[in-house]
Amino acid sequence: MERIAVENLPDGPAVVIRVGDTLLSEADIAKETPFHPSASLLEAQRSAARALVIRELLNQRAAMLGLQTGDEGTARLLENELNVPQVNAADSLRYFDSHRERFCEPARMKVRHILLPAAPEDARARDAHYRLGEQLLKELGEHPERFTELAQRHSACPSKDQGGELGWLSSGQTVAELDQVLQRLPVGMHDRPLASRYGWHVLCVDERVERRQLPYRQVAERVAQCLREEATRRALREYLLALQAEFGVEGFSLEEPGSS
């Protein structure tokens, strides 16, 4: 049977794979596929096939060493055989210097809003509530102290009970289309209603704290953890490829496209 890389698996029924003397059938892969949700059936089949191949390689290695197979045996096997380099302070500092953008305190905004609900497909409601948003902004321009009152009267968000206050928000803490705009907004009342999938938002940024680089001493443990995780992934990949070469795998390859 010819070995084919994962990216070349055909669309449709999964191919039969041999791991050592063990045959993985189409039925085996079909049974595993629901545990690997993906954007397409083909991607789910690939993930399922990969998981089955890895599981079988580890079970065969455990059996060879007289260890129990299954999750418990796999854990002991990897504890005994996985060679993960130790992380030292010099490695951590170099990693920090090369990946400073990962170790920042994100920008935060203290936000209030009034949600005027309208589904994306409801053109009439969106038009009417956009005009209502403009009216509310005009009113707030003259009487900003009425924000709480107007939020309690008009907003469809549960935050209306707190006068529209959403508290401190960082990136990723609100609906995506609103989140993208928030990252660029200055302090103050925005001059027009902002759209989201839920409708229109009359929005005010009360305070803003910009993104800040954190000092190494404050994130040293996070840096070391990142390094340990990357080192473990590399070591596991090398270990699995060695098992693939030792036991033989036909119909599939754990080698990823473009890897060296």
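All figures in this text were calculated on a predicted structure; none of them were measured in a lab. (Residues numbered from 1 in each chain as written. Predicted model: local features only at pLDDT ≥ 70, side-chain atom pairs only at ≥ 80, totals over all residues. Heavy atoms only, no water.)

Here the focus is the packing of aromatic side chains. Following the criterion strictly, the structure yields four aromatic pairs and no others. Each ring, one from F96 and one from F103, has its centre 6.0 Å from the other, and the planes form 40°; the classification is tilted. Judged by its relative accessible area of 1%, F103 is buried. The rings of Y95, F96, F103 and Y216 are connected pair by pair, giving a single aromatic cluster. (Phe/Tyr/Trp six-rings, centres within 6.5 Å; stacked < 30°, edge-to-face > 60°. Buried < 20%, exposed > 50% of the residue type's maximum accessible area, 1.4 Å probe, protein only.)

Bringing the state of the cysteines into the picture now. Overall, the coordinates contain zero disulfides when judged by the stated rule. C104 carries a free sulfur, and the closest cysteine sulfur to it, the one in C226, is 13 Å from it. (Disulfide = S-S within 2.5 Å.)

A sheet is described by the order of its strands in space; here three strands give the open sequence β2-β1-β10, paired in antiparallel fashion. Single-partner strands in this sheet number two, and they are β2 (22-24) and β10 (249-250). Both strand β1 (residues 17-19) and β10 contribute to a ladder of two bridges, which runs antiparallel. Across the sheet, the residue bridging to V19 is V249, located in β10. (Pairing = 2+ DSSP bridges. Helix = DSSP H or I, 4+ residues; strand = E, 2+ residues; numbered from the N terminus.)

Our focus in this paragraph is the domain arrangement of the protein chain. Along its sequence, the protein chain is carved into domain 1 (17-85 + 241-250) and domain 2 (104-212). For domain 1 versus domain 2, the distance between C-alpha centres works out to 49 Å. (Domains from an automatic or database assignment.)

Glancing now at the pattern of salt bridges. Per the counting criterion, the structure on display carries 21 salt bridges. Among the salt bridges present, the one from R102 reaches E230, with a minimum N-O distance of 3.4 Å. Of this pair, R102 sits in the loop between α4 (89-98) and β3 (104-105) while E230 is found in helix α8 (residues 216-247), placing the two residues 128 residues apart along the sequence. Taken together, the salt bridges that share partners define one network made up of E139, R146, E149 and R153. (Salt bridge = Lys/Arg side-chain N within 4 Å of Asp/Glu carboxyl O.)

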